[in-house]
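Overview (structure and organization)
Each chain is listed here by its residues.
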Amino acid sequence: MLSVHNLSIQFTRYDGGWRRKIIQPVRDLSLDLDAGSILAVIGSSGSGKSLLAHALLGLLPSNAQTDGTILYQKEQVTLKRAKKLRGRELALIPQSVAYLNPLSRVGKQVYRASRLSGQCRNSACKNRDMAFSRYGLGKEVAPMYPFQVSGGMARRVLTATATAGDASLLIADEPTTGLDADAAIQTLHHLRELADGGKGVILITHDLESAVDVADNVAVIYAGTTVEVAPAAHFRDGTTVHPYTKALWNALPRNGFQYLSGNQPSEDDIISGCIFHDRCPNRQPSCETNAPSLHKTGATQVRCFHA
C-alpha cells in the first residue's frame, strides 16, 4: 500500500546574523505498510515522526526540500497527487487540537470530513453519528464549538473526523495524547478494527508499550533515520536487534527505567558514520566513519553493522 524509501527533508532558514542555514531533521527514513495492518512509528521527540506524516500528506511548508521516494498504491506521491488523495484516500489524526476550526461546530466538521471523502449527505450524517457514538461523544457535543469541549473530547473529535470518511490509509499522530486510560485503549482498539477491516494505519506515538499491543510492525526512528523495522512480537519476546531499539524498550517502567547516556544528534549536526555510534554500547572504530545501510535480517530490517 505505502512505501517510503530513503526520505530526507531539509529546511532553509536564517540565523540571527541573516546567514543562510540548512537543517535536516529527516535524514534517511524508510518504511513499508501493507493494507490491513498497523505500522507503529516510534522515536523520541524531534526524531522526525510528525514530519513524516506531513510529507505523506503534502503539508510541508514552502521552505522544505525533500529527497527520496514515496509510493502509494505503487504510484509516486507528488504534491499534486497528495492534494487529491488528502481527505479522500489519506486521512490524518493530527497531534494538536488546534487543527479543529475554532469557528465551526464540531459536529459539522466531522460531517464535512465525511462529505469530502465522497459520501452522500445521508451517509455522511450516519457516519458522523456513528463516529460520535464510537468515541463516547454524546449528541449534545455536536453543536458545540471547539473551545466548549475539553482537551480529551477535542482529541476524540479529531479521531472521529479522520475515521468518518472512506480513507484507505489513516495516519494517527499521537492519537491518545490527553485521553484517559480507558479512552486511549478504546481509540487504539478501534484503529486495530479499522486495520482488520482492510485499512492501512500508521500509528505515530511515544507509547511504545501500547503500540506493541496493537501494531503488526514497529519502525524505530532515531534522528530522522530508520534504525529498525521489526514485527511487534519481537518486542514482546525480546528479539529486537538494534541497540537503540533495545534501549527504548529497557527504558520502560516495567523494565526499570534503564538509562542510556548521551543525546540525540541535533538537526543541524553533520554526521559521519553511524547515526547512533556516539551512544552505542557496541560501537567499533569503523562505526565512526562508515554509515550502515538498512538491510534485512530474518523478519527484521536493521541499520547496524553488528546486529
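A few words on the packing of helix α3 (residues 106–116) against helix α5 (residues 151–163). In the contact formed by α3 and α5, the axes pass within 7 Å of each other and the chain directions differ by 25 degrees. Comparing their axes, α5 and α3 come out roughly parallel. As for the relative orientation of α3 and α5, their crossing is right-handed in sense. Residues Val106, Gln109, Val110 and Ala113 of α3 lie in contact with α5, whose contacting residues are Val157, Ala160 and Thr161. Considering only residue class, the contact of α3 with α5 consists of five nonpolar, two polar and no charged.

The subject of this paragraph is the pattern of salt bridges. Enumeration according to the criterion identifies eight salt bridges in this entry. Between Asp28 and Arg303 there is a salt bridge, and its shortest N-O distance comes to 3.3 Å. With a gap of 275 residues between them, Asp28 in strand β2 (residues 20–33) and Arg303 in the segment after β12 (300–302) connect regions that are remote in the sequence. Relative accessible area serves as the criterion here: at 21%, Asp28 is assigned to the partly exposed category.

For Gln73, which is not a glycine, the phi torsion comes out positive at approximately 50 degrees. Secondary-structure assignment places Gln73 in the loop between β4 (64–72) and β5 (75–76).

Right, let's get into the packing of aromatic side chains. Across all of its chains, the model carries five aromatic pairs by this definition. One aromatic cluster is present, built from ring pairs that chain together Tyr222, Tyr244 and Phe276.

With respect to the helices, strands and loops of the structure, Cys125 is situated in helix α4 (residues 121–134). Expressed as a C-alpha distance, the spacing of Cys125 and Arg112, which sit 13 residues apart in the sequence, is 9.3 Å.

Take the side chain of Thr187 next. By the element assignment, Thr187 lies in helix α6 (residues 181–196). Ignoring any residue separated from it by four or fewer positions in sequence, one finds Thr187 in contact with Tyr135, Thr159, Pro175 and Leu179.

How two helices sit against one another is set out by the angle between their axes and by the gap between those axes. For the pair α3 and α4, the least separation of the axes is 8 Å and the interaxial angle reads 125 degrees. Taken as axis vectors, α3 and α4 run oblique relative to one another. Handedness of the crossing formed by α3 with α4: right-handed. The segment α3 lies against α4, with Val106, Gly107, Val110, Tyr111, Ser114 and Arg115 engaging Arg121, Ser123, Ala124, Cys125, Asn127, Arg128 and Phe132. Looking at the contact of α3 with α4 residue by residue, the class counts come to six nonpolar, four polar and three charged.

A few words now on α4. It helps to recall that an α-helix has 3.6 residues per turn; residues three or four apart then point in one direction. Spanning 14 residues, α4 covers 20 Å between terminal C-alpha atoms, matching the ideal 20 Å at 1.5 Å per step. Residues Ala124, Asn127, Ala131 and Phe132 constitute the buried set of α4. The buried residues of α4 all sit within an arc of 130 degrees when viewed along its axis, so they share a single face. Of the exposed residues in α4, the ones pointing more than 90 degrees away from its buried face are Asn122, Lys126 and Ser133. Of the surrounding elements, those touching the buried residues of α4 are α3 and α5. Positive phi appears at Gly136, one or two residues downstream of α4, with a value of about 70 degrees.

Time to look at α3. Buried residues of α3: Val106, Gly107, Gln109, Val110, Ala113 and Ser114, and no others. What you see down the axis of α3 is that its buried residues fit within an arc of 165 degrees, all on one side. Among the exposed residues of α3, those oriented more than 90 degrees off its buried face are Lys108 and Arg112.

Reading the values: rules and limits
- Throughout, a residue's number is its position along its own chain's written sequence, starting from 1.
- Per-residue local features of the predicted model are confined to residues with pLDDT of at least 70, and side-chain atom pairs are confined, for both listing and counting, to 80 or more; whole-chain, interface and lining totals are unaffected and use all residues.
- The side-chain numbers reported here are obtained from all heavy atoms of the structure, hydrogens and water having been left aside.
- Here an angle of 0 to 180 degrees is reported between the N-to-C directions of two axes, which are lines fitted to C-alpha atoms, with helices fitted over the stretch in contact.
- Put simply, DSSP marks the helices as runs of H or I at least four residues long and the strands as runs of E at least two long, and each gets a number from the N terminus on.
- When an angle is under 35 degrees it counts as roughly parallel; over 145 it counts as roughly antiparallel; between 65 and 115 it counts as roughly perpendicular; any other value is oblique.
- Helix crossings are classified by the rotation of the near helix relative to the far one: an anticlockwise turn of less than a right angle makes the crossing left-handed, while a clockwise turn makes it right-handed.
- Throughout, a contact is declared for two residues whenever any of their heavy atoms are within 4.5 Å.
- Residues are grouped as follows: Ala, Val, Leu, Ile, Met, Phe, Trp, Tyr, Cys and Pro are nonpolar; Asp, Glu, Lys and Arg are charged; all remaining types, including Gly, are polar.
- The salt bridge definition used is simple: a Lys or Arg side-chain nitrogen within 4 Å of an Asp or Glu carboxyl oxygen.
- Residue burial is assigned from relative accessible area. The probe radius is 1.4 Å, only protein chains are included, and a residue is buried under 20% of its type maximum, exposed over 50%, and partly exposed in between.
- Stacked, tilted and edge-to-face are the three classes applied to pairs of Phe, Tyr and Trp rings, where Trp contributes its six-membered ring and a pair requires centres within 6.5 Å; stacked means planes under 30 degrees apart, edge-to-face means over 60, and tilted covers the rest.
- A helix's residues, less one, multiplied by 1.5 Å, set its expected span.
- Comment: arc refers to directions from the helix axis out to C-beta atoms.

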